[in-house]
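Here is what each chain is made of, one letter per residue.
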Amino acid sequence: MDATGRLAAIGEARLVRGYGLAGVAVITAEDEPTVQAAWRELDPRISIVIVTPSAARAVAASGGPGGRLLAVLPDPDGTA
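Keep in mind that this is a model prediction, so the values were computed, not measured. Numbers given to residues run from 1 along each chain, matching the order in which its sequence is written. Per-residue local features are limited, in this predicted model, to residues with pLDDT of at least 70; the limit for side-chain atom pairs, both in listing and counting, is 80 or more; totals at the level of whole chains, interfaces and linings are taken over all residues. Just so you know, side-chain values use all the structure's heavy atoms and leave hydrogens and water out.

J.: What am I meant to see in the overall build of the protein here?
T.: The helix and strand labels rest on DSSP assignments: H or I over at least four residues marks a helix, E over at least two residues marks a strand, and numbering proceeds from the N terminus. The number of helices and strands found in the protein is three helices and four strands. Order of helices (α) and strands (β) in the protein, N terminus to C terminus: β-α-β-α-β-α-β. Each radius of gyration reported is based on C-alpha atoms, and the globular scaling rule is 2.2 Å times the count of residues to the power 0.38. For 80 residues, the compact-globule estimate of 2.2 N^0.38 gives 12 Å, and the C-alpha radius of gyration of the protein, at 12 Å, lies within 12% of that figure. In terms of principal-axis extent, the alpha carbons of the protein reach across some 35 × 25 × 20 Å. Each residue's exposure class comes from its accessible area (1.4 Å probe, protein chains only) as a fraction of the maximum for that residue type: buried when under 20%, exposed when over 50%, partly exposed otherwise. Buried residues in the protein amount to 36% of all 80 residues. Two residues form a contact once any of their heavy atoms are found within 4.5 Å. A sequence separation of at least 24 residues applies to 43% of the contacts in the protein between residues at least 6 apart. Exposure was quantified through the Shrake-Rupley algorithm and a 1.4 Å probe, taking into account, for residues, occlusion by the shown protein chains and nothing else. Accessible surface computed for the protein: about 4,700 Å², of which carbon and sulfur atoms make up 54%.

Put into structure tokens, the structure is as follows:
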């Protein structure tokens, strides 16, 4: 499986940038509109998306993940 064509990470730069070292397509997005725009523009070959908690809320607000698997990172503050 070619990980670079199948995986992406979306969210705040400080939380997702390290995934690029593993070949994941990293898309930094610091607010809801930016996350939603990034989500709409994802390559159709990407089937698994790692998201920060705030990015997960933005994806949910725009209709949910559709046919993609969404992996939500733990809250960095440990509050939720």
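From this point, things continue past the structure.
J.: What should I look at first to understand the packing of aromatic side chains in this one?
T.: The geometry of an aromatic ring pair is captured by the separation of the ring centres together with the interplanar angle, meaning the angle of the planes. Any two of the Phe, Tyr and Trp rings considered here, Trp counted by its six-membered ring, make a pair once their centres fall within 6.5 Å; the pair's planes then place it as stacked at under 30 degrees, edge-to-face at over 60, or tilted in between. This model, assessed by the stated rule, comprises zero aromatic pairs. In this scheme, Lys NZ or Arg CZ marks a charge over a ring once it lies within 6 Å of the ring centre and within 35 degrees of the ring normal. The aromatic ring of Trp39 is capped on one face by Arg68, whose charged end is 5.4 Å from the ring centroid.

J.: Even after reading the chapter, I still don't get the sheet that holds strand β2 (residues 25-28), so can you show me in this structure?
T.: Hydrogen bonds along the backbone pair up the strands of a sheet, which may run parallel or antiparallel. Two strands pair if DSSP finds at least two bridges between them. Within the open sheet, the four strands sit side by side as β2-β1-β3-β4. Their pairing is parallel. Each edge of the open sheet is held by one strand with a lone partner, namely β2 and β4 (69-72). Averaged over neighbouring strand pairs, the angle between their axes works out to 20 degrees when direction is ignored. The pairing of strand β1 (residues 7-11) with β2 spans four bridges and is classified as parallel. Opposite Ile10, over in β2, you have Ile27 as the bridge partner. Here, axes are lines fitted to C-alpha atoms. For helices the fit covers the stretch in contact, and angles between N-to-C directions go from 0 to 180 degrees.

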